[in-house]
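Below are the chains, spelled out letter by letter.
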Amino acid sequence: MCAQRRHYDRQLVPVAQYLRMSTEHQQYSLENQCAMMQEYAQAQGFEIVRTYSDAARSGLVLKRRLGLRQLLQDVVASGASAYRAILVYDVSRWGRFQDTDESAHYEFLCKSAGVPVHYCAETFANDGSLPSLIMKALKRTMAGEYSRELGVKVLAGQRRLARLGFKQGGVPGYGLRRMLISAEGTRKQFLTSGERKSIATDRVILVPGPAHEVQIVRDIYRMLVSERLSVYAIAGKLNRGGVVYLGDTRWNYQAVYAILSHPKYAGWYVFGRTSSKLSTPTVKLPKTTWIVKSEAFEPIIDYGTFTDAERILQSRTIKRSNEEILDNLRKLLVGEGRLSLSVIKKSADTPSPSTYRHRFGSLRRAYQLIGYGKAEQFGPIDQRRRTQAMRDELIARIVALFPRDVSVIRPGGRWRSRLRMRNGTIVSVLVARSLRTWKTSVRWRIDPVRQERRLIWIGIGWSETSKCVTGKTDWGLLCRSRAKSRRAKTTASGPGNFGSICRFWKEPALRVRIRSATSR
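Starting from 1, residues in each chain are numbered consecutively following that chain's sequence as written. Reporting in this predicted model follows two pLDDT cut-offs: at least 70 for local features of residues, and 80 or more for side-chain atom pairs to be given and counted; totals over whole chains, interfaces and linings ignore these cut-offs and use all residues. Side-chain descriptors were evaluated using all non-hydrogen atoms of the structure, hydrogens and water having been removed beforehand.

Draft legend 1. Layout of the packing of aromatic side chains. Between 30 and 60 degrees the pair is tilted, below 30 it is stacked and above 60 it is edge-to-face, where a pair is any two Phe, Tyr or Trp rings, Trp via its six-membered ring, whose centres lie within 6.5 Å. Counted according to the given criterion, the structure contains 14 aromatic pairs. Between Tyr-174 and Tyr-245, the ring centres sit 5.8 Å apart and the planes meet at 25 degrees, which makes this aromatic pair stacked. In this pair, Tyr-174 is assigned in the loop between helix 6 (130–163) and strand 5 (176–181) and Tyr-245 in the loop between helix 8 (231–240) and helix 9 (253–261), connecting sequence segments 71 residues apart. Per-residue accessibility, obtained with a 1.4 Å probe over protein chains only, is compared with the maximum for each type, and a residue is labelled buried under 20%, exposed over 50%, and partly exposed between these values. Taking relative accessible area as the criterion, Tyr-174 reaches 3% and is therefore assigned buried. On the basis of an interplanar angle of 55 degrees and a centroid distance of 4.7 Å, the ring pair of Tyr-245 and Trp-251 is categorised as tilted. Where helices and strands are cited, they refer to DSSP runs of H or I of at least four residues and of E of at least two residues respectively, numbered from the N terminus.

The structure is reproduced here in structure tokens:
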């Protein structure tokens, strides 16, 4: 009997299952999907040997669905050697892509690798016959159309509530907090970061936050309106005074400008300034389409002060021509004797560096237009650009060589690209210039950025003549776990080439060091 049982087990066909759950209905929970596919597997003589899942992930795009991305990567890399089929609950769980060709493309990748997709809850068999192809195309269209119709209904509901002054998602911002109120308008409790209302009839409004944050907001408006400080100068003054921003971070131009330009601090609620329908890129909408509700919240500053601040900010850049803001730069050069990023930031009468980048493409171009600077003075800028290009190339080469072990994280904004190991470990990549300290001795100074000091990082050192990571350079591939010091010096022998770097990356010792560092 046992021998017969073992023989039966050997006949089971190994398959993988893919689970996805959004915030639609309980019938699509991961447990229900798994139970349904288990019954299907038993009826078809399958054995589920691998599970991929995307919990609370929209089916509109592939970008944030790590489970499906890993599945496609494994299938393309190993094909039918790992498993012979993929089980999915239905067509909508595979995805609600607005372009049905995208959904078909991902399925074709699996089928061409010898791993067909089975839709367990559908009434048709995915066997390539004409009826199944028609039904599958119809189901894909219906899945995408459902998301589009739902988006229209949700947006209409949000616009109606916005006209009543209720906040529709998003963080409250510095100096403000979210307050949960009942349908009758009775205040119930504050909502902390990540908390959501649980009763459908409850609403959310903004209220002033802690007293010290409220005072900082008022001080920011005072420094702009009364003291006529620039946005950069305000941020610098707050940092020197030991005032911390959200998340214990430092103040910067964007943080101060957001406070000075958002009408919510004057008690006004504005909805619909941007749009990102169906996971498309965010676009700015014209003011004529905005929904504005005055006196929606308790204000921190009066509306007159807000309009004064808005007028001052606009008068500095928006209404000035290119020649006028270049004249400001010339006057600053006469007064200071030199120009730099920090000098422009500290000037109260000069537009911000971002204004010059937006108008002329870069600060360097603005310098050239006023006849400032020589070619050799821009050496550090050119070097920084070369370093960034080498870093991007190094990241791309590592990911291409180890697609199953390493992926790239691009958070966007001020955060740089990083590497994610297969076990979830985040690794920072640094590029450092080599320094000749004594005769033939070579050293590299590694200077991790502030946000990455607590991460595990690897670094590549390069010589002055290096143009890319594939050629001969004075380099050393370095691995360090959670450096206590911001700066670290190290030595290594050279020259080498990228092939040597790849061999070093494959060394088990490196992986052991990374694993040991993450287990601390």
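Draft legend 2. Expanded view of the pattern of salt bridges. Salt bridge, as applied in this entry: a Lys or Arg side-chain nitrogen positioned within 4 Å of an Asp or Glu carboxyl oxygen. Scanning the model with the defined rule gives 14 salt bridges in all. Put simply, Glu-122 and Lys-139 hold a salt bridge, and the shortest N to O gap is 3.4 Å. Here the residue Glu-122 occupies a position in the loop between strand 4 (117–119) and helix 6, and Lys-139 occupies one in helix 6, the gap between them amounting to 17 residues. For Glu-213, the salt bridge is made with Arg-177, and the minimal N-O distance between the two is 3.0 Å. With a gap of 36 residues between them, Glu-213 in helix 7 (residues 211–225) and Arg-177 in strand 5 connect regions that are remote in the sequence. Taking relative accessible area as the criterion, Arg-177 reaches 25% and is therefore assigned partly exposed. Salt bridges sharing partners connect three or more residues here, namely Asp-219, Arg-222, Glu-227 and Lys-237.

Draft legend 3. Focus on the packing of helix 5 (residues 100–112) against helix 6. Packing of helix 5 against helix 6 leaves a shortest axis separation of 9 Å and a crossing angle of 125 degrees. By the angle between their directions, the pair helix 5 and helix 6 is classed as oblique. For the pair helix 5 and helix 6, the crossing hand works out as right-handed. Between helix 5 and helix 6, the contacting residues are Thr-100, Ser-103, Ala-104 and Glu-107 on the first element and Lys-136, Arg-140 and Thr-141 on the second. Axes here mean lines fitted to C-alpha atoms, for a helix over just the part in contact, with angles spanning 0 to 180 degrees between N-to-C directions. Throughout this description, any angle smaller than 35 degrees is read as roughly parallel, any larger than 145 degrees as roughly antiparallel, any in the 65 to 115 degree range as roughly perpendicular, and the remainder as oblique. By convention the crossing between two helices is left-handed if the near helix lies anticlockwise of the far one by an angle smaller than a right angle, and right-handed if it lies clockwise. Contacts are assigned to residue pairs that have any heavy atoms within 4.5 Å of one another.

Draft legend 4. Structural detail: the sheet that holds strand 3 (residues 86–88). Strands are treated as partners if at least two bridges between them are detected by DSSP. Here 4 strands make up an open sheet; going across it, the order is 2-1-3-4 and the pairing parallel. Two strands in the sheet have a free side with no partner beyond their single neighbour: strand 2 (46–55) and strand 4. Neighbour-to-neighbour, the strand axes of the sheet open up by a mean angle of 25 degrees, direction not taken into account.

Draft legend 5. Geometry of the side chain of Arg-203. Take Arg-203: it is sitting in strand 7 (residues 203–208). Charge convention: Lys and Arg are scored as positive, Asp and Glu as negative, and His as well as the terminal groups of each chain are ignored. Notably, Arg-203 is buried but unbridged: the nearest opposite-charge side chain belongs to Asp-202, and the N-O separation is 7.3 Å. Pairing of N or O atoms within 3.5 Å defines a polar contact, subject to two protein rules: one partner must be a possible hydrogen donor and the other a possible acceptor, and residues neighboring in sequence count only if both atoms are side-chain atoms. Of the polar contacts made by the side chain of Arg-203, one reaches the backbone oxygen of Ala-200; its length is 2.9 Å. Those residues in contact with Arg-203, other than ones at most four positions away along the chain, are Leu-161, Phe-166, Met-179, Leu-180, Ile-181 and Lys-197.

Draft legend 6. Spotlight on the environment of Lys-331. One can find Lys-331 in helix 11 (residues 322–336). Residue class for Lys-331 comes out exposed when judged on its relative accessible area of 62%. The spacing of Lys-331 and Asp-349 is 18 residues in sequence and 9.6 Å in space, taken between C-alpha atoms.

Draft legend 7. Inspection of helix 2 (residues 30–44) at higher detail. A helix's residues, less one, multiplied by 1.5 Å, set its expected span. Between its first and last C-alpha, helix 2 extends 21 Å over 15 residues, near the 21 Å set by a 1.5 Å rise per residue. Among the residues making up helix 2, those that are buried are Leu-30, Gln-33, Met-37, Tyr-40 and Ala-41. Around the axis of helix 2, the buried residues are gathered within 100 degrees of arc, so they sit on the same side. Exposed side of helix 2, more than 90 degrees from the buried face: Glu-31, Glu-39, Gln-42 and Ala-43 are the residues found there. Contacts from the buried residues of helix 2 go to strand 1 (13–21), strand 2, strand 3, helix 4 (91–94) and strand 4. Where helix 2 ends, the next residue or the one after it, Gly-45, has phi of about 75 degrees, a positive value. Each C-beta atom gives one direction from the helix axis, and the arc is the one those directions make.

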